[in-house]
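# Structural overview for review
Below, each chain spelled out in residue letters.
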Amino acid sequence: MERLWPQVKGARTFRAGFGADVVWYLVQSFVSRLLAPWVVFFFVLPVFVLGDLPLEDYWVGFGPAAQLSFAVQVACVFVAGDFLSYWQHRLFHTQAAWPIHAVHHSSEQLDWLSATRFHPLNEIGAQLIYVAPLIALGFSPLAFVVLAPFTATYAVLLHANINLSFGPFRYVFASPTFHRWHHTKTAEAQNKNFAGFLPVWDVLFGTFYHPAGKTPQQFGIDEAIPEGFWAQLFSPFRAQPTRLDGFGSRTRSES
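From a predicted model like this one, the values you see are computed outputs, not experimental measurements. Counting starts from 1 at the beginning of each chain's written sequence and moves along it residue by residue. Totals for whole chains, interfaces and linings use every residue, but because this is a predicted model, local features are given only for residues with pLDDT of at least 70 and side-chain atom pairs only at 80 or more, for both listing and counting. By convention in this description, side-chain values take in all heavy atoms of the structure and omit both hydrogens and water.

Now for the overall build of the protein chain. Along its length, the protein chain carries 10 helices and 2 strands. In the protein chain, the order of α-helices and β-strands from amino to carboxyl end is α-α-α-α-α-α-α-α-α-α-β-β. For 255 residues, the compact-globule estimate of 2.2 N^0.38 gives 18 Å, and the protein chain sits close to it at 19 Å. In terms of overall dimensions, the protein chain has a C-alpha envelope of 55 × 45 × 35 Å along the principal axes. Each residue's exposure class comes from its accessible area (1.4 Å probe, protein chains only) as a fraction of the maximum for that residue type: buried when under 20%, exposed when over 50%, partly exposed otherwise. Counting across all 255 residues of the protein chain, residues that qualify as buried make up 49%. For the protein chain, contacts bridging at least 24 residues in sequence account for 69% of all contacts bridging at least 6. For helices the rule is a DSSP run of H or I covering at least 4 residues; for strands it is a run of E covering at least 2, with both sets numbered from the N terminus onward. C-alpha atoms define the radius of gyration, and 2.2 Å times the number of residues to the power 0.38 defines the globule rule. Here a residue-residue contact requires only that any non-hydrogen atoms of the pair lie within 4.5 Å.

Below, the structure is given as structure tokens:
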């Protein structure tokens, strides 16, 4: 699809950072599918202990949420999870969390593989914000498992170098153009388009940016994020002079 309908023409498949992003793909697969879910489990565990709930019901759920049909649970988890994900995304654009999220935004040649460049702390933090609360409310974790293939594939699509905006439906469903604006260096698009699937959250909270007839062309950030997997893995612990504020302003900190 990137070869047939590129948004940025002439982009190379084996571009700078390709090898590191392949490693990030393997690491992200392990973190998102195994490590982060265990962290979520131990985060939710006190709810079962304090509520005297049997642990064997963890995958079933409990309370009123578990009484809903599984299909309804999946729908609720999709919408509520996307809402919580919107706010966790904005949180990662604040000064304290930005050094971790900056690794993801460091891709200057944004394509499908860039979707996997996520720091482990970013993935774990994200799941603690949008997965753990819903499981703690009684929804079955299996609802997230069922949605996982779709959400993972859709994340790849959103980053892909594909000239696709969904036309008038761009206010309803997040498109590659919608999310690629989020990664652009264009000044007016900074701190915009935080939603993962439903742009209605951006519309409601004033962070929607999707001008008709225009497409983002330049990507990346001003911060100097090093090349290579290991350097990027440890980059959040280095001094970061410039950090974005997901709640509307750009801040600076002393290096």
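As used in this record, nonpolar core signifies buried Ala, Val, Leu, Ile, Met, Phe, Trp, Tyr and Cys residues forming a set joined through side-chain atoms within 4.5 Å. Val40, Val44, Tyr58, Val77, Ile135 and Phe144 are the most contacted members of the largest nonpolar core, which has 17 residues in total. Only α1 (18–50), α3 (70–91), α6 (132–136) and α7 (142–159) provide two or more residues apiece to this core. Considering every element that reaches this core, the biggest residue donor is α1, with 4 residues. Counting residues in hydrophobic clusters, the runner-up holds 11 residues, among them Phe178, Phe194, Ala195 and Phe208.

Moving on, we come to α3. In this model, α3 (22 residues) spans 30 Å end to end at C-alpha, consistent with the 32 Å of a helix rising 1.5 Å per residue. Restricting attention to buried positions, one finds in α3 the residues Gln73, Val74, Val77, Gly81, Asp82, Ser85, Tyr86, Gln88, His89 and Arg90. Expected span of a helix, by definition, is 1.5 Å for each gap between consecutive residues, and there is one gap fewer than residues.

Let us now look at the packing of aromatic side chains. In this analysis, rings of Phe, Tyr and Trp, with Trp reduced to its six-membered ring, are considered paired at centre separations within 6.5 Å, and the interplanar angle assigns stacked below 30 degrees, edge-to-face beyond 60, and tilted for intermediate values. Counted under the stated rule, the structure contains 25 aromatic pairs. Between Phe83 and Phe205 the ring centres are 6.4 Å apart and the planes differ by 45°, which places this aromatic pair in the tilted class. Of the two residues, Phe83 is situated in helix α3 and Phe205 in the loop between α9 (200–204) and α10 (229–234); the sequence distance between them amounts to 122 residues. Taking relative accessible area as the criterion, Phe83 reaches 30% and is therefore assigned partly exposed. Here the aromatic rings of Tyr86 and Trp87 are separated by 5.0 Å at their centres, their planes lie at 90°, and the arrangement is edge-to-face. For Trp87, a relative accessible area of 27% translates into the label partly exposed. Three or more aromatic residues link up through ring pairs in this structure, and these residues are Trp38, Phe41, Phe42, Phe48, Tyr58, Trp59 and Phe62.

Right, let's talk about the side chain of Asp111 for a bit. Tracing the backbone shows Asp111 in the loop between α4 (98–105) and α5 (120–130). Two N or O atoms form a polar contact when they lie within 3.5 Å of each other; inside protein one atom must be a possible hydrogen donor and the other a possible acceptor, and for residues adjacent in sequence the pair counts only when both atoms belong to side chains. A polar contact is formed between the side chain of Asp111 and the backbone nitrogen of Leu113, at a distance of 3.2 Å. Each residue touching Asp111, except ones within four places of it in the same chain, is listed here: Glu2, Arg15, His159, Ala160, Asn161 and Arg180.

Here, a salt bridge means any Lys or Arg side-chain nitrogen found within 4 Å of an Asp or Glu carboxyl oxygen. Tallying each qualifying case throughout the model produces 4 salt bridges. With a closest N to O distance of 2.8 Å, Arg15 and Asp21 form a salt bridge. Here the two residues Arg15 and Asp21 agree in accessibility, since each one is buried. For Arg15, the salt bridge goes to Asp111, with nearest N and O atoms at 2.7 Å. Placement of the pair is Arg15 in the segment before α1 and Asp111 in the loop between α4 and α5, with a sequence separation of 96 residues. Per residue, the accessibility class of Arg15 equals that of Asp111, and both read buried. One network of salt bridges, in which partners are shared, links Arg15, Asp21, Asp111 and Arg117.

Despite not being glycine, Phe166 has its phi angle at roughly 70°, a positive value. With respect to the element layout, Phe166 can be found in the loop between α7 and α8 (176–182). With a phi close to 55°, Asn191 is a non-glycine residue in the positive phi region. Position of Asn191 relative to the elements: it lies in the loop between α8 and α9.

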